[in-house]
Amino acid sequence: MKSESEEFREGMSRLGAAVNLITSNGPEGCHGMTASAVCSITDSPPTLLVCVNRMNRSHDIFNGNGNLCVNVLGAGHETLSNLFATRGGEERFEDTHWTFGKTGAPVLKDAIVAFDCRISERRTMGSHSVFYARVEQTVLHDTAAETLIWFDRSYHALRAV
């Protein structure tokens, strides 16, 4: 019999979600991680929430930098997603095409959309922090692209019909 946590994680594997690179740059350095725990809160003012495990080293970097960019990945970004899902540093920004947003956070040039944000608030819930991120700049790219979805523990491409 599965524990409550195991059953919950199995259930969450069936909740499809966009794959994002969460990036940040500032006094704590240039850093990024792969995440699917991102959600819109409101459009007035434009605000997202991003959930990060407090034991993940990204947590303190994002908190210290005070900014983050949610780069929504497209189909074909699987290798980049896997690269940022592993431990690594600033060298991960060398082989891809990056610019910097208004906050100074790295913006992936070929992301489907990038939301450059300042962290306005942080709340703790269990093992994670919820970062409330006020969008300073929205960078729209190819709307015809397929987005990358994480579902049932694997990548899938999703295209508008």
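This section reports on the structure supplied with the text. (Residues numbered from 1 in each chain as written. Predicted model: local features only at pLDDT ≥ 70, side-chain atom pairs only at ≥ 80, totals over all residues. Heavy atoms only, no water.)

1. Some points on the overall build of the protein
When helices and strands are tallied, the protein shows three helices and 12 strands. Computed over its C-alpha atoms, the radius of gyration of the protein comes to 15 Å, within 12% of the 15 Å expected for a compact globule of 161 residues. Projected onto the principal axes, the alpha-carbon positions of the protein cover approximately 50 × 40 × 35 Å. Burial statistics for the protein: of 161 residues in total, 40% are counted as buried. (Helix = DSSP H or I, 4+ residues; strand = E, 2+ residues; numbered from the N terminus. Rg over C-alpha atoms; globule rule 2.2 N^0.38 Å. Buried < 20%, exposed > 50% of the residue type's maximum accessible area, 1.4 Å probe, protein only.)

2. Some details on the nonpolar core
Grouped together as the largest cluster of nonpolar side chains are 16 residues, with contacts concentrated most on Ile22, Phe62, Leu68 and Val70. Taken together, the elements giving at least two residues each to this core come down to strand S3 (31-35), strand S5 (46-53), strand S6 (67-72), strand S9 (113-125) and strand S10 (128-140). Beyond its immediate stretch of four places on either side in the chain, Ile22 contacts His31, Gly32, Met33, Ala35, Val38, Val50, Phe62, Leu68, Cys69 and Val70. (Core = buried A, V, L, I, M, F, W, Y, C linked by side-chain atoms within 4.5 Å. Contact = heavy atoms within 4.5 Å.)

3. What about the sheet that holds strand S1 (residues 17-18)?
Spatial ordering of the open sheet is given by S1-S11-S12, a layout of three strands whose pairing is antiparallel. Single-partner strands in this sheet number two, and they are S1 and strand S12 (154-158). Pairing of S1 with strand S11 (residues 147-151), which is carried by two bridges, proceeds in the antiparallel orientation. Residue pairing for S11: Ala18 is matched across the bridge by Ile149. (Pairing = 2+ DSSP bridges.)

4. Overview of the sheet that holds S3
Judged by pairing direction, the sheet is antiparallel, and its seven strands sit side by side in the order S3-S2-S6-S9-S10-S5-S4 without closing on themselves. Strands at the two margins of the open sheet, each flanked by one partner only, are S3 and strand S4 (38-43). Taken pair by pair, the neighbouring strands of this sheet meet at an average axis angle of 30 degrees, ignoring direction. Sheet strands in contact with helix H2 (residues 57-65) are strand S2 (20-24), S3, S5, S6, S9 and S10, and its direction is about 125 degrees off that of S3. Together, S2 and S3 form the strand contacts of helix H3 (residues 78-85), whose direction differs from that of S3 by roughly 115 degrees. (Axes fitted to C-alpha atoms, helices over the stretch in contact; angles between N-to-C directions.)

5. Brief notes about the environment of Ala35
Within the secondary structure layout, Ala35 lies in strand S3. Counting along the chain gives 117 residues from Ala35 to Asp152, while the straight-line C-alpha distance between them is 15 Å. If we ignore the near neighbours within four places in the chain, the residues touching Ala35 are Ala18, Val19, Asn20 and Ile22.

6. With respect to a negative patch on the surface
Together, Glu90, Glu91, Glu94 and Asp95 give the surface a local cluster of negative charge. Take Glu91: it is sitting in the loop between H3 and strand S7 (98-100). (Patch = residues over 30% accessible without salt bridge, like charges linked within 9 Å, V, L, I, M, F, W, Y side chains within 5 Å. Areas by Shrake-Rupley, 256 points an atom, 1.4 Å probe, with all protein chains shown as cover. Salt bridge = Lys/Arg side-chain N within 4 Å of Asp/Glu carboxyl O. Lys, Arg positive; Asp, Glu negative; His and termini not counted. Charge placed at Lys NZ, Arg CZ, Asp CG, Glu CD.)

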